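Geometric and topological summary
What follows is each chain in one-letter form.
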Amino acid sequence: MTSYPTLHMIIDGEKVMQGHRATHRVVNPATGETLGELPLADAADLDRALETAQRGFRIWRNSTAQQRAAVLQGAARLMLERQEEIARIATMEQGKTLVETRIEVLMNVGLFNFYAGETQRVYGRQLVRPAGMRSTVTYEPVGPVAAFAPWNFPIGNPGRKLGAPIAAGCSVILKSAEESPGSALAIVQCLLDAGLPKEVAQAVYGVPDQVSRHLLGSPIIRKLSFTGSTVVGKHLAKLAADDMKRTTMELGGHGPVLVFDDVDVDGVLDTMVAGKYRNAGQVCVSPTRFIVQEGVFERFRDGFAERAKGWKVGNGMEDGIQMGPMANPRRPDAMERMIGDAVAKGAKLNAGGERIGNQGFFYAPSVISEVPLDAEIMNEEPFGPVAIINPFGKEEDMIAEANRLPYGLAAYSWTNDARRQKRLAREVETGMFCVNTTMLGGADTPFGGVKWSGHGHEDGPEGLMACMVLKTVHEG
Ligand code: NAD
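Residues numbered from 1 in each chain as written. Predicted model: local features only at pLDDT ≥ 70, side-chain atom pairs only at ≥ 80, totals over all residues. Heavy atoms only, no water.

Moving on to the overall build of the protein. Of the regular secondary structure elements, the protein holds 14 helices and 22 strands. Computed over the C-alpha atoms, the radius of gyration of the protein is 23 Å, within 12% of the 23 Å expected from 2.2 N^0.38 for a compact globule of 476 residues. If you line up the protein on its principal axes, its C-alpha atoms span 70 × 60 × 40 Å. When burial is assessed residue by residue, the protein has 58% of its 476 residues classed as buried. Of the contacts made within the protein by residues no fewer than 6 positions apart, 72% connect residues no fewer than 24 positions apart. Working note: accessible area of the protein is about 18,800 Å², and carbon and sulfur atoms make up 51% of it. Distance between charge centres in the protein, computed from 51 positive and 56 negative side chains, equals 6 Å. (Helix = DSSP H or I, 4+ residues; strand = E, 2+ residues; numbered from the N terminus. Rg over C-alpha atoms; globule rule 2.2 N^0.38 Å. Buried < 20%, exposed > 50% of the residue type's maximum accessible area, 1.4 Å probe, protein only. Contact = heavy atoms within 4.5 Å. Areas by Shrake-Rupley, 256 points an atom, 1.4 Å probe, with all protein chains shown as cover. Lys, Arg positive; Asp, Glu negative; His and termini not counted. Charge placed at Lys NZ, Arg CZ, Asp CG, Glu CD.)

Moving on: the sheet that holds strand E5 (residues 125-127). The three strands lie next to each other as E5-E6-E22, forming an open sheet whose pairing is antiparallel. The strands lining the two open edges of the sheet, one partner per strand, are E5 and strand E22 (468-475). Within the sheet, the average angular offset between the axes of one strand and its neighbour, ignoring direction, is 25 degrees. Bridge count between E5 and strand E6 (residues 134-141): three bridges; the pairing is antiparallel. When the sheet's bridge partners are listed, Arg125 is paired in E6 with Val137. (Pairing = 2+ DSSP bridges. Axes fitted to C-alpha atoms, helices over the stretch in contact; angles between N-to-C directions.)

With that out of the way, let us pick up the packing of helix H7 (residues 208-216) against helix H8 (residues 230-241). The interhelical angle for the contact between H7 and H8, taken along N-to-C directions, is 25 degrees, at an axis separation of 9 Å. When the interaxial angle is binned, H7 and H8 end up roughly parallel. Here the hand of the crossing between H7 and H8 comes out right-handed. Contact with H7, carried on its side by Asp209, Ser212, Arg213 and Leu216, involves His235, Leu236 and Leu239 of H8 and no other residues of that element. By residue class, the composition of the contact of H7 with H8 is three nonpolar, two polar and two charged. (Parallel < 35°, antiparallel > 145°, perpendicular 65-115°, else oblique. Left-handed = near helix turned anticlockwise from the far one by under 90°. Nonpolar A, V, L, I, M, F, W, Y, C, P; charged D, E, K, R; others polar.)

Further remarks concern the sheet that holds strand E16 (residues 386-392). Reading across the sheet, the seven strands line up as E14-E15-E16-E13-E12-E18-E19 and stay open at both edges, with mixed pairing between neighbours. Each edge of the open sheet carries a strand with a single partner, namely strand E14 (348-351) and strand E19 (432-435). Strand-to-strand twist in this sheet, taken as the mean axis angle between neighbours without regard to direction, amounts to 20 degrees. For strand E12 (residues 255-259) and strand E18 (residues 410-414), the ladder comprises three bridges, and the chain directions are parallel. By the bridge assignment for E18, Val257 is matched with Tyr412. Strand contacts of helix H11 (residues 330-344): E14, strand E15 (366-369) and E16, with the helix running at about 25 degrees to E15, the strand carrying the most contacts. Along the sheet face, helix H12 (residues 395-402) touches E12, strand E13 (287-293) and E16 and points at about 165 degrees away from the line of E13.

What follows is about the side chain of Thr119. Looking at the element boundaries, Thr119 is found in the loop between helix H4 (98-118) and E5. Among the polar contacts made by the side chain of Thr119, one reaches the side chain of Gln120 at a distance of 3.2 Å. For Thr119, the residues in contact, after removing those within four places along its chain, are Ala65, Arg68, Ala69, Leu72, Ala167 and Leu464. (Polar contact = N/O pair within 3.5 Å; in protein donor to acceptor, adjacent residues only side chain to side chain.)

With that settled, consider the packing of aromatic side chains. In total, this model carries eight aromatic pairs according to the counting rule given. Aromatic side chains Tyr277 and Trp311 sit 6.0 Å apart centroid to centroid with 55 degrees between the ring planes, which places their arrangement in the tilted category. Note that Tyr277 is positioned in helix H9 (residues 265-277) and Trp311 in the loop between helix H10 (294-310) and H11, a separation of 34 residues in sequence. In this pair, the class of Tyr277 matches that of Trp311, namely buried. Taken together, the aromatic side chains of Tyr277, Phe290, Phe300, Phe304 and Trp311 make up a single cluster linked through ring pairs. Its guanidinium or amino end placed over the ring of Phe153, Lys96 lies 3.8 Å from that ring's centre, counting from NZ or CZ. For Lys234, the ring lying beneath its charged end belongs to Trp452, and the centroid distance is 3.3 Å. (Phe/Tyr/Trp six-rings, centres within 6.5 Å; stacked < 30°, edge-to-face > 60°. Lys NZ or Arg CZ within 6 Å of the ring centre and 35° of its normal.)

Take the nonpolar core next. If you look at the biggest cluster of nonpolar residues, it comprises 79 residues, and the most contacted ones within it are Phe112, Phe148, Leu162, Ile166, Leu191, Leu196 and Leu215. Excluding its chain neighbours within four sequence positions, the residues that come into contact with Phe148 are Lys161, Lys175, Val211, Ser212, Leu215, Leu216, Leu224, Ser225, Phe226, Thr227 and Leu236. Formed by 50 residues, the second largest nonpolar core is a distinct cluster that contains Ala342, Ala347, Ile389 and Leu409. (Core = buried A, V, L, I, M, F, W, Y, C linked by side-chain atoms within 4.5 Å.)

Attention now moves to the side chain of Ser225. As for its placement among the helices and strands, Ser225 is situated in strand E10 (residues 223-227). You can call Ser225 buried: its relative accessible area is 6%. One polar contact links Ser225 to Lys161, side chain to side chain, over a distance of 3.0 Å.

Another aspect to go through is unusual backbone geometry. You will see that Asp12, though not glycine, has its phi angle at about 50 degrees, which is positive. Mapped onto the secondary structure, Asp12 falls in the loop between strand E1 (9-11) and strand E2 (14-16). The backbone of Glu370 shows a phi angle near 50 degrees, a positive value even though the residue is not glycine. Along the chain, Glu370 turns up in the loop between E15 and E16.

The residue Asn28 is located in the loop between strand E3 (23-27) and strand E4 (34-39) in this model. Asn28 sits 29 residues away from Phe57 along the chain, and the two C-alpha atoms are 36 Å apart. Setting aside residues up to four positions removed in sequence, Asn28 forms contacts with Glu33, Leu35 and Met92.

Here you go:
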């Protein structure tokens, strides 16, 4: 039986405990119980982390690709050995089911092993020049990275924030979400136990705005990597711009799902209902706006609602649970507000639409339909367990609805018409497009959005290159 760990920060390899510092209370979202008190960094802690990151960069930029690969592979092995312990910590502090948190550990294992291989493949280029001259294109690590990871993937987000910079030869100061610190600390610990120099990866916590202003205000930091909401992302991008720091921004989405008349409705529902309620809908690529052709609209809506009503909600630590609580009290509040607003404006409530129980932050799997465009939920990311299902006639109107919002992260379509599949893939404005599947992630696969969903990529060779800068060297 895993007990929740004592919380701390990791600065210059030292476990920094509460001492004189302010703390954040970490709560189990299934029970409302306090799990621990997380120490928050003061300015002196952050200065120390910065100075350490500068030393860490000098060390790690001179490491060999083989040394970086060995650390990443070692950390992957340790994560696998500690899979159950890390998964349990994550479920305790974030709420999602153990099945999901175990998968998150495996995602990190795959990513770290992939990047261990990619370290060997950072090839440069030699340009054609007259005899006696040489021009080469080379890649160098960008420098110390400030990485901010949210709470929705408490293991996977820190893994992404650490894997690529470490493979590239950068140092990292990670501030994962104060609401789910235990899993991130476990990942950093795997890296340190695998032999990563203590200066290279650090973990700090604090008041988010203070930490990000402090770190981004320092010339030591050369790159910002942020995952979170568009509104915070825009704010951080402006801070980074003051010092022309590089940025990778993984921001919000409002995933459209185009369902055409020619599909097997039950087959689509089997996939999409599970996709919708995964992690209680708190996923940036969550399928959100179901844009359904009229011929299958009623069957699709009713089938979705029926499955939603039978979805098994409970404490993610228990066997057989399909959906845990929401991660924090802000989310059920937002569900109540957004669904209430939609219904007040004329939407139909087909399932859920209410909290469950009187402890923790549970919200029922919900379905609303025929939702007017001026409802808040049609324009803001709901980030919760609610499917919005609206009927449409023509393909062009469905595409127009998919492209209506300023977001462009993930989009989905279901149709067996091969020509239409190609048209949709070209016309829908999105960073990731799925045709008859929801599988869009993988260690080798660039993950990222367009428009307000951000820029740059994580994962894949692109994620590694995003942590490097290009230098051309000309020799006469
Ligand atoms: P939020 O927008 O304040 O926080 C989102 C994340 O950003 C948190 O991890 C938070 O610690 C961090 N953050 C906030 N302000 C920051 C700052 N100034 N500097 C550095 N980090 C900062 O609020 P929230 O209630 O946690 O989430 C609300 C919305 O955020 C959700 O509805 C969803 O739209 C979005 N979100 C997106 C993702 C994603 O994967 N893209 C993840 C979590 C939340």
